[in-house]
Amino acid sequence: MTRNTTDPVSKQPVVELKAKGLSPMDPPDAYDPPQKDAVPCEDLHPFLRQMFDEHRKFDAAWDAIEVLIGKVQKEGLHKEDDAQFARFFRMLDEDVLRHQRIEDLLLFPILHQRLLDHNERSKGRYPMTAVDMMADDHVSVVQLSALTFNFMSLAFRLPDRASRLAVLDLAIEQCKRLHEALRLHIFREDHVIWRLAHKYLTEEELDAMFVRAKAVSS
């Protein structure tokens, strides 16, 4: 029997990737988008600036919950922590979902179409834009919020200590995933979506969104 002495790896042709970040072994950082032409906040339309300002309020909540997660992991869950988690989930349910609803109903549909019109889309069979990623993020945030809330609520109700700690550990892990998902989503909107909306939407379109946003919020 003839022995194969050819290295199946070495015989493959070497393909060099010229553009930085294209290698699957060295992907671009999620917090380092390739486009750097961000629009200064003061140049944004009032509607976009309002959405940007709401993000800054959410940032404070993310900072607080990050500290709380670290505290619970070190010291365990205390009764006063339950109240802080409750405020966090109430903010998600009221403020974050309202913010996302405005984007889903008013901003995303027209921006998505405008990106398709200007060929700012994927090249696959089913073209996708940056808006698709943001809309998917919204669904993920709702799912993670519900999962984290249910685990957290269950942890406070289980009488058995071992079971309570096991469920609490699951709740904290889901909360960490939620925390990171929210931070990354906001980063993408601040550095990509507002710039695209500023570039492709007319002032009249943004004016109309600004007016309609009040009705969506009520």
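See the structure printed just above.
Parameters at a glance
- Residues numbered from 1 in each chain as written.
- Predicted model: local features only at pLDDT ≥ 70, side-chain atom pairs only at ≥ 80, totals over all residues.
- Heavy atoms only, no water.
- Salt bridge = Lys/Arg side-chain N within 4 Å of Asp/Glu carboxyl O.
- Helix = DSSP H or I, 4+ residues; strand = E, 2+ residues; numbered from the N terminus.
- Buried < 20%, exposed > 50% of the residue type's maximum accessible area, 1.4 Å probe, protein only.
- Core = buried A, V, L, I, M, F, W, Y, C linked by side-chain atoms within 4.5 Å.
- Contact = heavy atoms within 4.5 Å.
- Axes fitted to C-alpha atoms, helices over the stretch in contact; angles between N-to-C directions.
- Parallel < 35°, antiparallel > 145°, perpendicular 65-115°, else oblique.
- Left-handed = near helix turned anticlockwise from the far one by under 90°.
- Nonpolar A, V, L, I, M, F, W, Y, C, P; charged D, E, K, R; others polar.

Further remarks concern the pattern of salt bridges. Here the structure, examined in full by the defined rule, presents eleven salt bridges. A salt bridge links Lys 71 to Glu 75, with the shortest nitrogen-to-oxygen separation between them at 3.9 Å. Taken as a pair, Lys 71 and Glu 75 lie in helix α1 (residues 46–75) at a separation of four residues, close to a single helical turn. Overall, the relative accessible area of 26% leaves Lys 71 in the partly exposed class. Here Arg 188 ties to Asp 137 by a salt bridge, and the two come within 3.4 Å at their closest N and O atoms. One end of the pair, Arg 188, is in helix α4 (residues 161–200); the other, Asp 137, is in helix α3 (residues 130–157), with 51 residues separating them in the sequence. Here the salt bridges share partners, and the residues they tie into one network are Arg 56, Asp 59 and Asp 190.

Another aspect to go through is the environment of Val 131. Note that Val 131 resides in helix α3. A sequence separation of 21 residues divides Val 131 from Ile 110, and the C-alpha atoms of the two residues are 9.9 Å apart.

Membership of the largest hydrophobic core comes to 24 residues, with the highest contact counts inside it found for Trp 62, Phe 85, Phe 88, Leu 92, Ile 172, Leu 178 and Leu 182. Of all the secondary structure elements, the ones that give two or more residues to this core are α1, α2 (79–117), α3 and α4. Per-element tally for this core: the top contributor is α4, with eight residues. Leaving out residues up to four positions away in the same chain, Leu 178 has contacts with Phe 88, Leu 92, Val 141, Leu 144, Ser 145 and Thr 148.

A word on the packing of α2 against α3. Remark: α2 packs on α3, axes separated minimally by 9 Å, with the N-to-C direction vectors making an angle of 165°. Taken together, the axis directions place α2 and α3 in an arrangement best described as roughly antiparallel. As α2 packs across α3, the resulting crossing turns out to be left-handed. Split into classes, the residues belonging to the contact of α2 with α3 amount to 16 nonpolar, five polar and four charged.

Let us now look at the packing of α2 against α4. Two elements in contact, α2 and α4, have axes whose closest approach is 12 Å; the angle formed by their N-to-C orientations is 35°. Note that α2 runs across α4; the crossing there is left-handed. Along its contact with α2, which presents Phe 85, Phe 88, Leu 92, His 99, Glu 103, Leu 107, Phe 108, Leu 111, Arg 114 and Leu 115, the element α4 presents Ile 172, Cys 175, Leu 178, Leu 182, His 185, Glu 189, Ile 193, Trp 194, Leu 196, Ala 197 and Tyr 200.

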